[in-house]
Amino acid sequence: MLDAEGATVLAQNFLDQHFSQGMPLALVEGERVQVGTDYFFDCQSAAHLLTGDPQDMAVGTGYVRIDGDTGECRLLGAVESAGLDLF
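Residues numbered from 1 in each chain as written. Predicted model: local features only at pLDDT ≥ 70, side-chain atom pairs only at ≥ 80, totals over all residues. Heavy atoms only, no water.

Draft legend 1. Here's a closer look at the sheet that holds strand E2 (residues 38–45). Taken in spatial order, the 4 strands of this open sheet run E1-E2-E3-E4, and their pairing is antiparallel. Two strands in the sheet have a free side with no partner beyond their single neighbour: strand E1 (25–35) and strand E4 (73–77). Each neighbouring strand pair of the sheet contributes to a mean axis angle of 30°, computed without reference to strand direction. Across 3 bridges, the pairing between E2 and strand E3 (residues 61–66) is antiparallel. Counted as the bridge partner of phenylalanine 40 is arginine 65 from E3. Packing of helix H1 (residues 4–18) onto the sheet brings it into contact with E1, E2, E3 and E4, and relative to E1 it is tilted by some 140°. (Pairing = 2+ DSSP bridges. Helix = DSSP H or I, 4+ residues; strand = E, 2+ residues; numbered from the N terminus. Axes fitted to C-alpha atoms, helices over the stretch in contact; angles between N-to-C directions. Contact = heavy atoms within 4.5 Å.)

See the structure below:
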């Protein structure tokens with residue numbers, strides 16, 4: 001089973017590999033929660049996290065989910081994430 005640090009590394013690597021073109025995404029600092037063996041991370045566009053400018057916001061993305069048993073990474077949609085009510 002993954003620990004929180006390992007899950008954080010996997011989540012950021014996942015974003016770097018799959019969402020580095022166009023509007024790169026990054027993890028929101030301090031926005032991580034563990035539910036059972038899974039970890040959920042809030043993410044946002046790297047530009048918005050740097051500038052705070054609403055024009056730089058990523059819209060329609062949800063949380064990054066890391067399966068704590070397998071290490072599988074997945075970006076959830078906004079509706080699915082909102083239903084979890086984690087943050």
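Having seen it, we continue.
Draft legend 2. Seen up close, the confidence of the model for the chain. When pLDDT is averaged across the chain, the result is 94; 100% of the residues are at 70 or more. Averaged pLDDT values for the elements of the chain fall to 92 in helix H3 (residues 78–84) and rise to 96 in E2. (pLDDT = per-residue confidence, 0-100.)

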